[in-house]
Amino acid sequence: MKVQYLAKIASISLLSFGVIAGCGNPCAAKTSSNTATENTATEVSADPCAGVKPCAGSDPCAGVKPCAGANACAGVKPCAGAKPCAGANPCASQMKSVGGPLAQELQGKPVVVDVYATWCSACKNIAPTLTQLKQDYDGEVNFVVLDVSDQSTTAEAKTTAEQLGLSKFLEAHKSKTGTVTVIDPATGDIIAQYKNNTNMDDYTQAIETTMQ
């Protein structure tokens, strides 16, 4: 009886130990399995494009420059040669003549016409250059100032322009203060025209050309 009793106690003890051992980490198997699954999922999702590059070639500019040529002036200079805005001569453009010979009193000498206004910053900027020009060509060039500072001076400028054969010129240039124009009085042709230009050589060259 004692042997049977002890045997039963031993069996119960072993079963209890097994249960305890099995329950010591109830999630062991599950955790291990889940961890493996999670690791696998992580590796797969970490780089959805790994091995496959769905974006390869999606850069339209890669190796190809779809914008090349989008710049109308790239490689092509539609203004080259014409240079309507080149440097100091943006106004030598539309008007090639004042409409005919200038007044008799202006004949025989190049005519330099200054469209001026007291409020014009460009006029103030070129004033020293024009002063020097007048000194250098004193008696050799006819200098005409058309003052359009206000209504009163503009009215006087219109009267002067009519007398000198510059009516069409003033009408076209009364809003272009700071503009200096060199005119051949015999033909009325505009030899050169400059906007806010302080370069003495430009004026000198134009005047000398008219004198030839």
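Residues numbered from 1 in each chain as written. Predicted model: local features only at pLDDT ≥ 70, side-chain atom pairs only at ≥ 80, totals over all residues. Heavy atoms only, no water.

### Examining the side chain of N142
Step number 1: Inspection of the secondary structure assignment puts N142 in strand 2 (residues 142-147).
Step number 2: Among the residues examined, N142 registers a relative accessible area of 16% and is labelled buried.
Step number 3: Every residue in contact with N142, bar those within four places of it in the chain, is listed here: E105, L106, K109, P110, V111 and V112. (Helix = DSSP H or I, 4+ residues; strand = E, 2+ residues; numbered from the N terminus. Buried < 20%, exposed > 50% of the residue type's maximum accessible area, 1.4 Å probe, protein only. Contact = heavy atoms within 4.5 Å.)

### Structural notes on the pairing of strand 1 (residues 111-116)
Step number 1: Strand 1 sits mainly inside the fold: 5 of its 6 residues count as buried.
Step number 2: Inspection of the sheet shows strand 1 paired to strand 2 by 6 bridges, in the parallel sense. Its bridge partner being in strand 2, V111 is matched across the sheet by N142.
Step number 3: Between the parallel pair strand 1 and strand 2, the chain is carried across by helix 3 (residues 121-136), and the sense of this crossover is right-handed. (Pairing = 2+ DSSP bridges. Right-handed = clockwise from strand over helix to strand, strands pointing away.)

### Regarding the nonpolar core
Step number 1: The biggest cluster of nonpolar side chains holds 23 residues, and the ones touching the most others in it are V113, V144, L166 and F169.
Step number 2: Look past the residues within four positions of V144 in its chain and what remains in contact with it is L106, V111, V112, V113, D114, L164 and L166.
Step number 3: Counting residues in each nonpolar core, the second largest holds 14 residues, with V141, Y194, Y203 and I207 among its members. (Core = buried A, V, L, I, M, F, W, Y, C linked by side-chain atoms within 4.5 Å.)

### With respect to the packing of helix 3 against helix 6 (residues 200-211)
Step number 1: The interhelical angle for the contact between helix 3 and helix 6, taken along N-to-C directions, is 40°, at an axis separation of 10 Å. In terms of orientation, helix 3 and helix 6 fall into the oblique class. Here the hand of the crossing between helix 3 and helix 6 comes out right-handed. In contact with T129, Q132, L133 and D136 of helix 3, helix 6 contributes M200, Y203, T204 and I207.
Step number 2: Residue composition of the contact of helix 3 with helix 6, grouped by class: 4 nonpolar, 3 polar and 1 charged. (Axes fitted to C-alpha atoms, helices over the stretch in contact; angles between N-to-C directions. Parallel < 35°, antiparallel > 145°, perpendicular 65-115°, else oblique. Left-handed = near helix turned anticlockwise from the far one by under 90°. Nonpolar A, V, L, I, M, F, W, Y, C, P; charged D, E, K, R; others polar.)

### Observations regarding the packing of aromatic side chains
Step number 1: What the rule picks out here adds up to 1 aromatic pair.
Step number 2: Between Y194 and Y203, the aromatic rings sit 5.1 Å apart at their centres with planes inclined by 70°, giving edge-to-face as the arrangement. Comparing Y194 with Y203 shows no difference in burial state: the two are buried. (Phe/Tyr/Trp six-rings, centres within 6.5 Å; stacked < 30°, edge-to-face > 60°.)

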